[in-house]
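Residue-level listing of the chains:
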2 protein chains.
Amino acid sequence: MSVSEPADLDFWSFVALANERLAGEYGFRHQLATEVLLTLNRASDLVTYDLEAAVHRPRGRSWSAFRLLFVVWLAGPLEPSGAARLTGMSRAAVSNLAKGLVAEGLLARTPDERDGRSVRLSLTGAGHAEMVDVFREHNEREAGWTAVLTEAEQRILVMLLDKLIIGHREFEARNRR
Amino acid sequence: MSVSEPADLDFWSFVALANERLAGEYGFRHQLATEVLLTLNRASDLVTYDLEAAVHRPRGRSWSAFRLLFVVWLAGPLEPSGAARLTGMSRAAVSNLAKGLVAEGLLARTPDERDGRSVRLSLTGAGHAEMVDVFREHNEREAGWTAVLTEAEQRILVMLLDKLIIGHREFEARNRR
DNA sequence: TCGAACTAGTCAATATCTGAACTAGTTTCC
DNA sequence: GGAAACTAGTTCAGATATTGACTAGTTCGA
């Protein structure tokens, strides 16, 4: 049997509840760690979902497709494996996505001159035009998200997140292949 | 033609490159916003992937299944729609996941007494035991991630992320249903 | 009180991601 | 010079997500 929980329990109430029960009833020691990572994932999910729904889906583009085009746009002609590393996707995902984007005429796949196994992805004229155009809207919406923080707060946030990312190496974390 | 880019361009070099080109060549105004959100997503992806690979997959559990069990564990018997709200998944995803977890005997689905349309998800004895056990390992690994930050830094990080999450309401962002 | 509008959950179709197997080209080193 | 080990990319099967349609129960108002 349970107390009738509020049907409208929201994210913060849940975090508070989790903190309380994990420490109080079960004696887990690292409540703050749980809170940090729950909040991190939540923030990331919300931002990603919003940008995808507001900017990219209406143009018929998936979030992943945008990320791939984004890194190819800025990091120049790029091997699929490099694109996978920068986006954090698997090589298989890049391969599948690229197939569609090549068919749509946004991406070009040219064989590497030096290494016959390899391939370079680059933007076509149409791909470049689309990125410049779509990023205008993307960037405005990003700014909408971060505007609630001062510039100093934004820099601190980046610094703390960077620390977290770097720290994982010492912690022998697993990486995507 | 392009300068031969370093084949081992890493995440930070990419962020630096993106900043430079977006502002310099294209004149986009909100570089810092882009940097904040790129870093946020990256950190979240790395942490999630690591916890899934190190703690949950070896036990045959997906990240989503863990999240669902986690909210049901702590927020008590819960309707699928409430679980969807807390985890950030769609109702359909909760429904599918729950089907499997009920079949495995970790989750119980009982009809709601008041509302004939509704259902309440709760942990079975086995489900509860598994959560207590698996969370021990999960929490240790979470602590490994956050240990690179001082307690004060962790609190600041949570505060900044909370601000970001709250801010989105004023920005009329879209939410998951 | 009865029908219209609404809400909860599930199902079906589609999309995408992952890991593993596979193909093909390159490097190593005896 | 050539076989073995390695590496890049693709393909395939399986898992899991999303949206939208659908079923069933509830609520509200004429």
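Above this text is the structure in question.
From a predicted model like this one, the values you see are computed outputs, not experimental measurements.

### Description of the overall build of chain A
Here is step 1: For chain A, the helix and strand inventory stands at 7 helices and 2 strands.
Here is step 2: Each helix and strand of chain A, ordered N terminal to C terminal, gives the series α-α-α-α-α-β-β-α-α.
Here is step 3: Relative to a compact globule of 177 residues, whose C-alpha radius of gyration would be 16 Å, chain A shows 21 Å and is clearly more extended.
Here is step 4: Taken along its principal axes, the extent of the C-alpha atoms in chain A is 65 × 40 × 35 Å.
Here is step 5: Across chain A, contacts joining residues at least 24 apart in sequence account for 53% of those joining residues at least 6 apart.
Here is step 6: Just so you have it, chain A exposes about 8500 Å², and 52% of that area is on carbon and sulfur atoms.
Here is step 7: Each charge class in chain A was averaged separately, 22 positive and 24 negative side chains, and the resulting centres sit 9 Å apart.

### So, the side chain of Glu35 of chain B
Here is step 1: Looking at the secondary structure, you find Glu35 of chain B in helix α2 (residues 31–56).
Here is step 2: Despite its burial, Glu35 of chain B pairs with no opposite charge; the closest candidate is Arg155 of chain A, at 5.4 Å N-O.
Here is step 3: Contacts of Glu35 of chain B, omitting those with residues within four sequence positions, involve Val158 of chain A together with Val15 and Asn19 of chain B.

### Details of helix α5 (residues 91–103) of chain A
Residue and element names in this part refer to chain A.
Here is step 1: The end-to-end C-alpha separation of α5 is 18 Å, in line with the 18 Å expected for 13 residues at 1.5 Å each.
Here is step 2: Within the sequence span of α5, burial applies to Val94, Ala98 and Leu101. The buried side chains of α5 occupy one side of the element, clustering within an arc of 65 degrees when seen end-on. What points out from α5, more than 90 degrees from its buried face, is the exposed set Asn96, Lys99 and Ala103.
Here is step 3: In this fold, the buried residues of α5 make contact with α3 (63–74), α4 (80–87), β1 (107–111) and β2 (119–123).
Here is step 4: Gly105 lies just past α5 and shows a positive phi near 85 degrees.

### Remarks on the interface of chain A and chain B
Here is step 1: Taken together, the contact pairs 92 residues of chain A with 92 residues of chain B.
Here is step 2: Across the chain A to chain B interface the summed buried area is about 8900 Å²; carbon plus sulfur atoms make up 66%.
Here is step 3: On inspection of chain A and its partner chain B, the count reaches 4 salt bridges.
Here is step 4: Close ionic contact of Arg67 of chain A with Asp45 of chain B constitutes a salt bridge, the shortest N to O distance being 3.8 Å.
Here is step 5: Across the chain A-chain B interface, the total number found is 28 residue pairs in polar contact (both at pLDDT 80 or more).
Here is step 6: Residue composition of the side of chain A that touches chain B, by class: 48 nonpolar, 18 polar and 26 charged.

### Overview of the relation of the copies chain A and chain B
In this structure, two copies of a chain are linked by a rotation about an axis accompanied by a shift along it.
Here is step 1: Expressed as a screw transformation, the operator carrying chain A onto chain B has a rotation angle of 180 degrees and an axial translation of 0.0 Å, and the superposed copies differ by an RMSD of 0.1 Å. In symmetry terms, the pair is related by a two-fold rotation axis.
Here is step 2: Interface residue correspondence from chain A to chain B reaches 100%, placing this contact among same-surface, isologous pairings.

### Some points on empty space enclosed by the protein
Here is step 1: Taken as a whole and judged by the stated rule, the model has 4 cavities of 30 Å³ or more.
Here is step 2: Every residue lining the largest cavity is counted, 19 residues in all, and those nearest its centre are Leu38 and Asn41 of chain A together with Trp63, Arg67 and Phe70 of chain B.
Here is step 3: Residue assignment for the lining of the largest cavity shows that the elements contributing at least two residues are α1 (11–24) and α2 (31–56) of chain A together with α3 (63–74), α4 (80–87) and α6 (125–146) of chain B.
Here is step 4: Considering each element in turn, the lining of the largest cavity owes the most residues, 6 residues, to α2 of chain A.
Here is step 5: Grouping the constituent residues of the lining of the largest cavity by class yields 11 nonpolar, 4 polar and 4 charged.

### A short note on the environment of Pro80 of chain A
Residues and elements named next belong to chain A.
Here is step 1: Within the secondary structure, Pro80 is located in helix α4.
Here is step 2: Spatially, the C-alpha atom of Pro80 lies 18 Å from that of His128, the residues being 48 residues apart in sequence.
Here is step 3: Beyond its immediate sequence surroundings of up to four residues, Pro80 is in contact with Val94, Val119 and Leu121.

### Focus on helix α6 (residues 125–146) of chain A
Here is step 1: Helix length check: α6 of chain A (22 residues) gives 31 Å between terminal C-alpha atoms against 32 Å at 1.5 Å per residue, within 8%.
Here is step 2: At Phe135 of chain A, α6 of chain A shows its largest bend, some 25 degrees.

### Looking at a nonpolar patch on the surface
Here is step 1: A cluster of nonpolar side chains, Ile156 and Met159 of chain A together with Ile156 and Met159 of chain B, forms an exposed patch at the surface whose accessible area comes to about 340 Å².
Here is step 2: Breaking the nonpolar patch down by element, the ones donating at least two residues are α7 (151–170) of chain A together with α7 (151–170) of chain B.
Here is step 3: Given the relative accessible area of 44%, Met159 of chain B is considered partly exposed.

### Here's the deal with the side chain of Asn139 of chain A
Here is step 1: Its location among the elements puts Asn139 of chain A in helix α6.
Here is step 2: You can call Asn139 of chain A buried: its relative accessible area is 2%.
Here is step 3: At 3.0 Å, the side chain of Asn139 of chain A forms a polar contact with the side chain of Thr34 of chain B.
Here is step 4: Look past the residues within four positions of Asn139 of chain A in its chain and what remains in contact with it is Phe28, Arg29, His30 and Thr34 of chain B.

Rules and cut-offs
Residues numbered from 1 in each chain as written. Chains lettered and ligands numbered in written order. Predicted model: local features only at pLDDT ≥ 70, side-chain atom pairs only at ≥ 80, totals over all residues. Heavy atoms only, no water. Helix = DSSP H or I, 4+ residues; strand = E, 2+ residues; numbered from the N terminus. Rg over C-alpha atoms; globule rule 2.2 N^0.38 Å. Contact = heavy atoms within 4.5 Å. Areas by Shrake-Rupley, 256 points an atom, 1.4 Å probe, with all protein chains shown as cover. Lys, Arg positive; Asp, Glu negative; His and termini not counted. Charge placed at Lys NZ, Arg CZ, Asp CG, Glu CD. Buried < 20%, exposed > 50% of the residue type's maximum accessible area, 1.4 Å probe, protein only. Salt bridge = Lys/Arg side-chain N within 4 Å of Asp/Glu carboxyl O. Expected span 1.5 Å × (residues − 1). Arc of directions from axis to C-beta. Buried area = accessible area lost by both parts, 1.4 Å probe. Polar contact = N/O pair within 3.5 Å; in protein donor to acceptor, adjacent residues only side chain to side chain. Nonpolar A, V, L, I, M, F, W, Y, C, P; charged D, E, K, R; others polar. Least-squares fit on C-alpha atoms with pLDDT ≥ 70 in both. 1 Å grid on protein atoms, 1.4 Å probe; cavity = no way out; pocket = protein on both sides within 12 Å on 5 of 7 lines; lining within 4 Å. Points joined across faces, edges and corners; volume = space filled by probe spheres on them. Bend = angle between axes of the 7 residues up to and from the residue. Patch = residues over 30% accessible without salt bridge, like charges linked within 9 Å, V, L, I, M, F, W, Y side chains within 5 Å.

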